[in-house]
Amino acid sequence: MAAIFDEASWRRYLRGYTIYDCAIFRQHGFCLVLVEEANNRDILPRTRFLTVIYDKPFTVDSLPLVELSDFGFTTIACSVNPAEYVAVDTRGNVYSANAKRKGVEKPIEQVLDMRTAPGQVGVVLRVVRAADQVYALGDYRKIYRRIGTDQWVELGTEGTGVPMPPDVAQGKRYTFMDIGFSDLAAFSAEDIYAVGGAGDVWRFDGRCWQQCPFPSNQQLNTVCCAGDGHVYITDSKGCVWRGRESLWEKVADADIAFGFAPVDTVWFNNRLYMGSQEGLWALNTEHKTVVPLQEVEVDAPNSTNSGRLDVSPDGKFMLTAGPHGLCIHDGTKWTRLFSTFDFL
C-alpha cells in the first residue's frame with residue numbers, strides 16, 4: 001500500500017513535529033498526538049491532534065487538525081461507546097474528537113476534586129481504554145472514569161476507589177514511583193488490573209479493589225490482560241511478569257536502560273508486543289528474555305517508525321508509531337503507512 005501522506009500533506013500536518021502517542025479505531029482511522037520539535041526548553045512545545053481517515057481521498061487541508069500551546073506529556077485512547085478519541089495531559093487538560101465535535105474540554109480538575117493530599121493536586125500519568133471505557137490514571141492510586149463530554153468521575157466517590165496507605169491521612173507524602181498508577185487493563189468490567197509504583201498491583205472484581213501480592217518492588221510500567229488468559233506486567237528494566245491475582249512468576253529478564261523500557265504492552269495475533277522509545281520488543285518465553293521484534297518478525301518496523309502501540313477495539317489491527325513514522329499490522333503482515341525520511 002502506498003504511503004498515506006504525500007510531501008504536500010506531510011509538510012502541512014507533520015513537518016517540524018514528532019509523534020508522541022497514537023490511538024486506532026479501525027483499519028483506516030486513527031488519531032495522533034504530535035509534539036513540536038522545539039529547541040527552547042523554557043517554552044512548552046506546541047501539541048497537535050491529527051485525526052486521519054484514509055479510506056477515502058483527502059486534500060492537504062481536509063484532515064481535522066487542532067493545535068494547542070498548553071498541553072504537555074499527553075496520552076490518547078479510543079473509546080467505543082461513544083466512538084471517540086480522548087487525550088489527557090499530566091495536568092488534566094482534555095481534548096476529544098468524535099463525529100460531532102473536536103476540541104478542548106474542561107480540565108478534569110474543573111470537573112471534580114483532584115486533590116490527593118494536603119496542598120497537592122493530582123497529576124494524570126496516562127489515559128487508557130479498558131472494558132470499552134476510558135480511564136485517566138493518576139498518582140496516589142487515583143482513577144478517573146470518563147462518563148461523557150466534560151464529565152469524569154473519580155472512582156472513590158462511587159465507593160470503588162483504590163485504598164490509600166493508612167499514613168496518607170497522617171500527612172505522609174508519596175510519589176508516582178512509590179504507589180500507582182501507570183497503567184490499567186481489563187478482561188471485563190468485573191476483572192480489571194492496575195499497576196504502578198514500587199510493585200503496586202491491584203485487581204477490581206466488580207465490587208472492590210484488592211491488592212495483589214507481587215514478588216518485586218521494581219517500578220511497574222505496563223499491564224496487559226492477554227488473550228491467553230494471563231496478565232502480563234512489565235517493570236522499569238523491561239522484565240516481564242505473568243500471573244493473576246496472588247500468583248506471579250517472572251517469565252523474562254531484561255536490563256533495558258532507564259527511560260527506554262516498554263511504555264505500551266498489548267496482546268495481538270497470539271503474541272505479547274511491547275513498545276518503547278527503542279522500538280518494539282517481543283517476549284521469548286523459551287529463553288525467558290525480551291528480544292527486539294525484528295528477531296522474530298522479519299518485516300517488523302524499525303525504531304523510527306515504531307514504539308507506541310494500540311490495538312483497534314475489534315482486535316483486528318495494531319498500530320505502532322515512532323517519532324518519525326507509522327506502521328500497521330493486519331494480523332498477517334506489517335505495512336508502513338509513512339516515514340518522515342521519505343520527504344527529507
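The structure presented is a predicted model; accordingly, all values stated were derived computationally and were not measured.

Student: Kindly report on unusual backbone geometry, identifying the contributing residues and their values.
Tutor: Here N81 and P82 are connected by a cis peptide whose omega angle stands at 5°. Tracing the backbone shows P82 in the loop between β5 (75-79) and β6 (84-88). A cis amide bond links G180 to the next residue, F181, at an omega of 25°. Structurally, F181 is set in the loop between β14 (151-154) and β15 (183-188). Non-glycine residue D132 carries a positive phi angle of around 70°. With respect to the helices and strands, the residue D132 is situated in the loop between β11 (124-130) and β12 (133-138). For D132, a relative accessible area of 43% puts it in the partly exposed group.

Student: Provide a residue-level description of the sheet that holds strand β2 (residues 29-36), including the pertinent values.
Tutor: In space, the four strands of this open sheet follow the order β1-β2-β3-β4, with antiparallel pairing throughout. Both outer strands of the open sheet, β1 (17-26) and β4 (65-68), are each paired with one neighbouring strand and no more. Mean inter-strand twist for the sheet, computed between neighbouring axes without regard to direction, equals 15°. Two elements, β2 and strand β3 (residues 47-53), share seven bridges in a ladder whose sense is antiparallel. Counterpart to L32 in the pairing with β3 is L50.

Definitions and limits used
- Residues numbered from 1 in each chain as written.
- Predicted model: local features only at pLDDT ≥ 70, side-chain atom pairs only at ≥ 80, totals over all residues.
- Heavy atoms only, no water.
- Helix = DSSP H or I, 4+ residues; strand = E, 2+ residues; numbered from the N terminus.
- Buried < 20%, exposed > 50% of the residue type's maximum accessible area, 1.4 Å probe, protein only.
- Pairing = 2+ DSSP bridges.
- Axes fitted to C-alpha atoms, helices over the stretch in contact; angles between N-to-C directions.

Read these as spatial facts, not as claims about activity.
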